[in-house]
Amino acid sequence: MAERSLDELRELMIASAGVDEDQLKLDGDILDTPFADLELDSLAVLEIASRVERDWGVPVSDTVANGLKTPRMVLDFVNDRTAVR
Amino acid sequence: MTAVITGIGVLAPTGIGLEEHWSATLRGKSAIGPLQRFDASSYPVSLGGEVPDFVTKERVPGRLIPQTDHWTHLALAATDLALTDAGITPAELPEYEMAVVTASSSGGVEFGQQEIQRLWANGPRHVSAYQSIAWFYAATTGQISIRHGMRGPCGVVVAEQAGGLEALAQARRVLADGARIVVSGGTDAPFSPYGLICQLSNGLLSRATDPDQAYRPFDRAAAGYVPGEGGAIVIVEDAESAARRNRQPYGEIAGYAASFDPPPWSDRQPALGSAITGALRDAGIQPSDVDAVFADAAGDPYLDAVEAVAISEVFGDYAVPVTAPKTMTGRLYAGGAPLDLVDALMAIRDGVLPPTVGVRALSADCQLDLVRDRPRKLRVRTALVVARGYGGFNAALVVREHNERRV
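Residues numbered from 1 in each chain as written. Chains lettered and ligands numbered in written order. Predicted model: local features only at pLDDT ≥ 70, side-chain atom pairs only at ≥ 80, totals over all residues. Heavy atoms only, no water.

Participant: How do you make sense of the overall build of chain B when you look at a structure like this?
Facilitator: Secondary structure assignment for chain B yields 12 helices and 16 strands. Its C-alpha atoms give chain B a radius of gyration of 20 Å, near enough to 22 Å, the size a compact globule of 407 residues would have. Principal-axis analysis of the C-alpha atoms gives chain B an extent of 60 × 55 × 40 Å. Burial statistics for chain B: of 407 residues in total, 62% are counted as buried. Taking the intrachain contacts of chain B between residues at least 6 apart in sequence as the baseline, contacts between residues at least 24 apart amount to 79%. In chain B, 35 positive and 45 negative side-chain charges are present, and the distance between their average locations comes to 3 Å. (Helix = DSSP H or I, 4+ residues; strand = E, 2+ residues; numbered from the N terminus. Rg over C-alpha atoms; globule rule 2.2 N^0.38 Å. Buried < 20%, exposed > 50% of the residue type's maximum accessible area, 1.4 Å probe, protein only. Contact = heavy atoms within 4.5 Å. Lys, Arg positive; Asp, Glu negative; His and termini not counted. Charge placed at Lys NZ, Arg CZ, Asp CG, Glu CD.)

Here it is in structure tokens:
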């Protein structure tokens, strides 16, 4: 299975958390930007985890979700799991 | 301490913004019509008052749209209008001196229905994480608090239509305890299939299909009320603080009282009258000082008679002008009394009472001087707002023009 990209995650983040049209923080290189700095709180991260599971088919437990602090951590988790299959 | 109103934000079926609402109200233009938010044509109740032309993404930050219910969207938009009207930039004030106290009657029922449908159709992982915060009564207060960094005393009052006055009374207490400004008032959004079904159970909704005849409080033909969405958010502030900012208040909250009805099996009388007399006592005024009453106007023959008798017992038959502009919007639940308060403040400002529309022949039980069909010119210094909530809540609030010498 192809690796998930930052652009795909960006789309999922926008669908999860909503975003202002003039809100540009999700543009550019945000791979290592903490979710908190993107104004995504712990609930938003839980919602992202839910969508990863239902849209991408990769189960994310709440414990794992709590440990996901940056977009890179989400992509690494998803792509590692997909590679194992 | 004197609690004054320095900012008003209206999101009502009669219009978005204070002036749009007030001019439609004075024109006697009813906003009641067939529900558009969902197809209610097969439901026993199919009329309502909906906020027209509300485009959520133009008035609510994108991030908050998927996180909150329509009822919160309306309140966030109304809060923006109220803060602007009051000339307040929250970032410039101490965060612990700004408080938020709103009323809510049913919480985020539309959001809740949507997520429960996802649960049953697709499973738990399809339920939005925001369900945990979007549906419950305190969501609106919480989101306003977070958005504007208002970390003073925050709360929500749940008492159906009476809650709108209870919230304002709580705002006054919070000011007395040292807060500088309070965002108060309330909104509601009762139009989802689940929300409407929940309301049907009280047996008080109008089943009429003709908007002109659907909601006629105090009329011989009264047969229920029409529900509506929206309400008003106001900025409540200590008069000294307003004076320091050189803001002329719309008026002051002068008195308030609440009472609770005895249970249906009791032979004791309804307690609305004691809420009214209590509010007058709290304001330190006599019945003859009241220039107008903004009625609860339940639209049910029994409840109308109870209110009319309570008003007559305090003021005398036909002794004070009574009006119910909510005949143009429907009953807005938690948003209803705050909108009545706004209309009372506008009556004080403009010297005119808004009309009650749709009433053709007063019930013999209602010996009221009802302002019907057309506005009535009248110098209004003091007005009484009455609100009742399903289940026995009664509240009354006295609002009067603000005279700086009284500060």
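Participant: Is there a simple way to explain the environment of glycine 18 of chain A in this structure?
Facilitator: Residue position: glycine 18 of chain A is located in the loop between α1 (6–17) and α2 (42–56). Sequence separation of glycine 18 of chain A and aspartate 55 of chain A is 37 residues, and the distance between their C-alpha atoms is 17 Å. With residues near it in sequence (within four places) discarded, glycine 18 of chain A still touches Met13 of chain A together with Gly62, Arg63 and Pro66 of chain B.

Participant: I'm lost on helix α1 (residues 18–26) of chain B in this one. Help?
Facilitator: Side chains three or four residues apart in an α-helix point the same way, a direct result of the helix having 3.6 residues per turn. All names here are of chain B. Among the residues making up α1, those that are buried are Leu18, His21, Trp22, Ala24 and Thr25. All buried residues of α1 lie within an arc of 165° about the axis, which places them on one face of the element. Its buried side turned inward, α1 meets β1 (3–12), β2 (15–16), α12 (336–350) and β12 (352–353). Just past α1, the residue glycine 28 takes up positive phi, approximately 70°. (Arc of directions from axis to C-beta.)

Participant: Sorry, what's going on with the side chain of threonine 70 of chain A here?
Facilitator: In this fold, threonine 70 of chain A is placed in the loop between α3 (62–67) and α4 (71–84). Not counting chain neighbours up to four residues away, the residues in contact with threonine 70 of chain A comprise Leu31, Asp32, Thr33, Pro34 and Phe35 of chain A.

Participant: Help me understand the environment of valine 399 of chain B in this model?
Facilitator: All names here are of chain B. Within the secondary structure, valine 399 sits in strand β16 (residues 393–400). It is 23 Å that separates the C-alpha atoms of valine 399 and glycine 28, two residues lying 371 residues apart in sequence. In contact with valine 399, other than residues within four places in its own chain, are Glu252, Leu341, Ala344, Leu345, Ile348, Arg381, Thr382 and Ala383.

What is shown is where atoms sit, not what they do.
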